[in-house]
Structure formats: structure tokens, C-alpha cells
Amino acid sequence: MSFGSGLLLRVARRWIAGTDMDSALADAKQANSRGFGVVMNYLGEDVTDRAVADSHRQQYLKLQEAIASSGINGFVSVKLTQFGLGSDDEGAMARLEAVAENAARLHQLLWLDMEGSAAVDKTLGAYESLLSRRGGVGLALQAYMRRSENDLKELLDHGAKVRLVKGAYREPSDVVFPTRREVSENYRVLMRSLFDRGDDFAIATHDSKLIEEAKKLADAKHVNFRFEMLKGIRNELKEELTSSGYTLFEYLPYGGEWYAYSRRRLTEHPSNVLLLLRSLF
Ligand code: FDA
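Residues numbered from 1 in each chain as written. Predicted model: local features only at pLDDT ≥ 70, side-chain atom pairs only at ≥ 80, totals over all residues. Heavy atoms only, no water.

A. Fine view of the pattern of salt bridges. Per the stated rule, a full pass over the model turns up 29 salt bridges. In this structure, Glu97 engages Arg133 in a salt bridge whose closest nitrogen and oxygen atoms are separated by 2.9 Å. Highlighted residues: Glu97 in helix H4 (residues 89–105) and Arg133 in helix H5 (residues 120–133), separated in sequence by 36 residues. The exposure class of Arg133 is partly exposed, given its relative accessible area of 45%. (Salt bridge = Lys/Arg side-chain N within 4 Å of Asp/Glu carboxyl O. Helix = DSSP H or I, 4+ residues; strand = E, 2+ residues; numbered from the N terminus. Buried < 20%, exposed > 50% of the residue type's maximum accessible area, 1.4 Å probe, protein only.)

Structural data, given as C-alpha cells:
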């Protein structure tokens, strides 16, 4: 490991629940004891080696069993490119199917993360195919995508469960809204649609203004939803929300492939430059 990535791992530990399943399960139990549910993700993306994609499927099957046998309040969320989407689409769908079947057998929800724009159509297609055959599946939708308003209408027409996020990948401005203000405005539009027509959805943001607005919508609509936040971000707000009676799930990623995820976390907020500097001393 180079000096640079060693340094980043030191900082990244606040966002990841360790590099192995046992550490992640211990973290999940701790989150449960603080009143949070957990969304567990085995880190990995853009996998082109079929043996690695198979090992990711195996990891999730084992993780789902461990969640069930240890009585953890939680479920898994997967990235389709970690199952080989993009290089082996058929194999990726078969791996997803195996994890979906296992989720159904164990009565667990299964969620799909949303990745970069190149994967959006295929991820929506895979999700819609799953949803038409089984319940208990949900999908992340990114408010920064210009297309998301139309996608959400269609998803809600089909009874989808949606996790609304702002969006974390670098994309050109013909694909995404380029300013933070526009992204937040679109988040509001999509959030209102969810409170009007959705069920069992997730408001996944750490943005206080959007959270306040969600609370007001929740007071008016009385629908089944939860807040979701990432491990290591705004912990005091998580406690505040649960002690006010809201349901909160913490997203816990773990595994050896922590670099791409941690880089997104590091670069999305300027305060992290300080963290990086502090870790030098
Ligand atoms: P914003 O970035 O405006 O942050 C609001 C406030 O939160 C900041 O002012 C700061 O206080 C704090 N904060 C946020 N990020 C921080 C950071 N990295 N370090 C320190 N403080 C930070 N994206 C995606 O493209 N596909 C996906 O599937 C998912 N899945 C997902 C699941 C869950 C449960 C969450 C919460 C988020 C995702 N995301 C995601 C990530 C999402 O798109 C987005 O990048 C982050 O949530 C940051 O955006 P916020 O909505 O928090 O707003």
C-alpha cells in the first residue's frame, strides 16, 4: 500500500465498517443497539473478472445468512457492476437473481444502489424485472440526474420502493444538474412525489434543510418511510432523529475495495481536507 492510500485508509475508516464481514457484523450490532437499522454493502464496483463477481455473490449470500442468524435489523444493498454488469450482463443478472432469491427465502429486503450514468438503464431494467416477479426489492434514485423525475413516475406506477439520494458520481452537465442548488431543488420535487405516491421509501440525505422538509411532509401524509444516512456522517443528527421517533437506517459498507467509495466521500465535502491533514500528524 502506498503512503497516499495508507493515509486515505486511516481517514476512510470512519466511513467503512471494517475490511471483513466479522467487523461489519459487529458494527451492525452496535448500530442496532443505538436504535438504527442497517443497510450493508460489500464494497466493490466495475468488476470485469467473473471469478471476482462470483465471489461477491457468495459474500452476499453469506452476509444475508449472517444477518438472519444474528438477528440483525438490516438487509443488503448491492451494486450491479460488482456482479459484472457492463462486461458480463447475463452473469450479473444471474448473480443478482441468486441474491434476490436468498433475500426472499430469508424474508429480507434487497436494495440496489445506483451507479454512474452508464449503468442507469441496465440497473432500472434489472430492478423492474425483479419487481415484476417479487416484492421486497428497492432501488436508489439520484436527484442530480435530469432523467430521474420521469424515472420516478414510472417506478411509482409500478409500486417501486425508492431510496432517494442526491447522486455521487462525476457526470457531464447534460446528464446531471450542475449546481448544488438545482440538485436540492430536484430532490425536493422527487421527495414530494414520494410522499404523495410512494410507500416504504427512504429519504437518504444528511442535508438538514431537506430533512426538515421531509419531517413536515411526514406530518401531513403519515406514510411509511425512513431516513437513511451513511456511516461516519452526521452521527449526532442520527441520534436526534431516532430519539424524536423517526426510523433511521445507517448504510454500512465494508470490504477490501474501500478506495473508490472513500474517494467519493472524501471529495464530496470540503471539511474532509482537514481530516486528511489531521491524519498526517
Ligand atoms: P450534501 O452533500 O449537501 O451534504 C449535506 C451535509 O451532510 C453536509 O453539509 C455535511 O454536513 C454532511 N456531509 C455530507 N457528505 C459528507 C461527507 N462525505 N463528509 C462529511 N460530511 C458530509 N449515491 C449514489 O450515487 N448512489 C447510491 O446508491 C447511493 N446510496 C446512498 C445510500 C445512503 C443511505 C446515503 C445516505 C447516500 C447514498 N448515496 C448514493 C450518496 C449520495 O448520493 C450523496 O453523495 C451523499 O449522501 C451526500 O449528499 P447529501 O444528500 O448528504 O447532501
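B. Seen up close, unusual backbone geometry. Look at His107: it is not a glycine, yet its phi comes out positive at around 60°. Residue placement: His107 occurs in the loop between H4 and strand E3 (110–112). At His222, a position not held by glycine, the phi torsion is positive, near 50°. Among the secondary structure elements, His222 is positioned in the loop between helix H8 (208–221) and strand E7 (225–230).

C. A look at the packing of aromatic side chains. One pass over the structure, following the stated rule, counts 11 aromatic pairs. Seen in terms of ring centroids, Phe225 and Phe227 are 5.2 Å apart; in terms of plane orientation they differ by 80°. Their pairing is edge-to-face. Here the two residues Phe225 and Phe227 agree in accessibility, since each one is buried. Taking 5.5 Å as the distance between ring centres and 70° as the angle between the ring planes, the aromatic pair formed by Phe227 and Tyr246 counts as edge-to-face. Of this pair, Phe227 sits in strand E7 while Tyr246 sits in the loop between helix H9 (235–243) and strand E8 (248–254), and the two are 19 residues apart along the sequence. (Phe/Tyr/Trp six-rings, centres within 6.5 Å; stacked < 30°, edge-to-face > 60°.)

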